[in-house]
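Take a look at the letters that make up each chain.
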Amino acid sequence: MPEYRPQPTQHLQPSGPWPPPHRRSTRGKSRRIRNWLVLLFLLMFVASMLAVRTDELGRILPFIQKDAPPVTGLHPIVLAKSNELVEESAKIGIEILITDDFRSHVDQDALFEQGRTAKGPIVTHARGGESFHNYGLAIDFALKTKKGQVIWDMEYDGNRNGEPDWLEVVNIAKGLGFSWGGDWKGFKDYPHLQMDFGYSISELQRGYRP
């Protein structure tokens with residue numbers, strides 16, 4: 001009698017291919033990395049802009065103060081342009097005198113009291129720290145006659161060319177970059193010339209300087 005030998009069990013193979021092994025999706029991970037890199041780049045860009053434009057941003061925000069050394073004289077550009085004004089005026093036969101330039105806060109307060117608690121006419125509405133003179137950005141001028149007399153006559157025509165010397169000087173000053181107090185809408189300050197370089201009194205008071 002033949003020996004019985006059990007046959008090995010045959011496992012049925014599925015008709016279709018096996019599903020691929022489960023892999024963790026890398027698409028979401030790469031997207032998160034890309035987003036973080038973009039955010040990091042934006043932060044670095046903003047930080048660099050802040051570092052470069054600290055003064056500009058600080059000038060916009062009225063509560064930010066900046067330490068600045070005290071002003072003790074005219075701004076170098078204002079000084080150079082005031083000397084040039086004297087020279088250019090002399091070329092057309094007009095002699096002028098710079099009667100005032102840098103003015104301390106104490107001197108400004110004393111000038112403010114003129115016409116109020118002190119004798120004399122009112123010549124300013126600015127207290128100490130409220131004038132461009134206090135930051136070396138303004139000058140005052142007067143005319144000088146042939147006899148050496150200092151005058152503030154806006155109709156005087158010393159060079160006899162049919163035009164007031166005062167306005168001729170003002171036009172030269174404007175060409176050099178000065179603005180004129182005679183153009184102010186409120187209180188007119190006819191001897192006053194200034195270069196503010198785009199800075200307001202508020203910004204100057206908070207320590208920002210051109």
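Overview of the structure. (Residues numbered from 1 in each chain as written. Predicted model: local features only at pLDDT ≥ 70, side-chain atom pairs only at ≥ 80, totals over all residues. Heavy atoms only, no water.)

Moving on: the pattern of salt bridges. Scanning the entire structure with this criterion turns up six salt bridges. Between K144 and E95 there is a salt bridge, with the nearest N and O atoms lying 3.9 Å from each other. On the criterion of sequence distance, the pair formed by K144 in strand β2 (residues 138-144) and E95 in strand β1 (residues 95-100) is long-range, its members being 49 residues apart. The class of E95 is partly exposed, set by a relative accessible area of 44%. Of the charged contacts, one joins D100 and R103 as a salt bridge, the two residues approaching to 2.6 Å between their closest N and O atoms. Using a relative accessible area of 21% as the deciding quantity, one classes D100 as partly exposed. (Salt bridge = Lys/Arg side-chain N within 4 Å of Asp/Glu carboxyl O. Helix = DSSP H or I, 4+ residues; strand = E, 2+ residues; numbered from the N terminus. Buried < 20%, exposed > 50% of the residue type's maximum accessible area, 1.4 Å probe, protein only.)

Quick look at the packing of helix α3 (residues 76-91) against helix α5 (residues 165-175) now. Put simply, α3 and α5 touch, their axes get as near as 10 Å, and they point 135 degrees apart. Regarding the angle of α3 to α5, the classification is oblique. The handedness of the crossing between α3 and α5 comes out as right-handed. Across the interface between the two elements, L85, E88 and S89 from α3 touch V169, I172 and A173 from α5. Classifying every residue of the contact of α3 with α5 gives four nonpolar, one polar and one charged. (Axes fitted to C-alpha atoms, helices over the stretch in contact; angles between N-to-C directions. Parallel < 35°, antiparallel > 145°, perpendicular 65-115°, else oblique. Left-handed = near helix turned anticlockwise from the far one by under 90°. Contact = heavy atoms within 4.5 Å. Nonpolar A, V, L, I, M, F, W, Y, C, P; charged D, E, K, R; others polar.)

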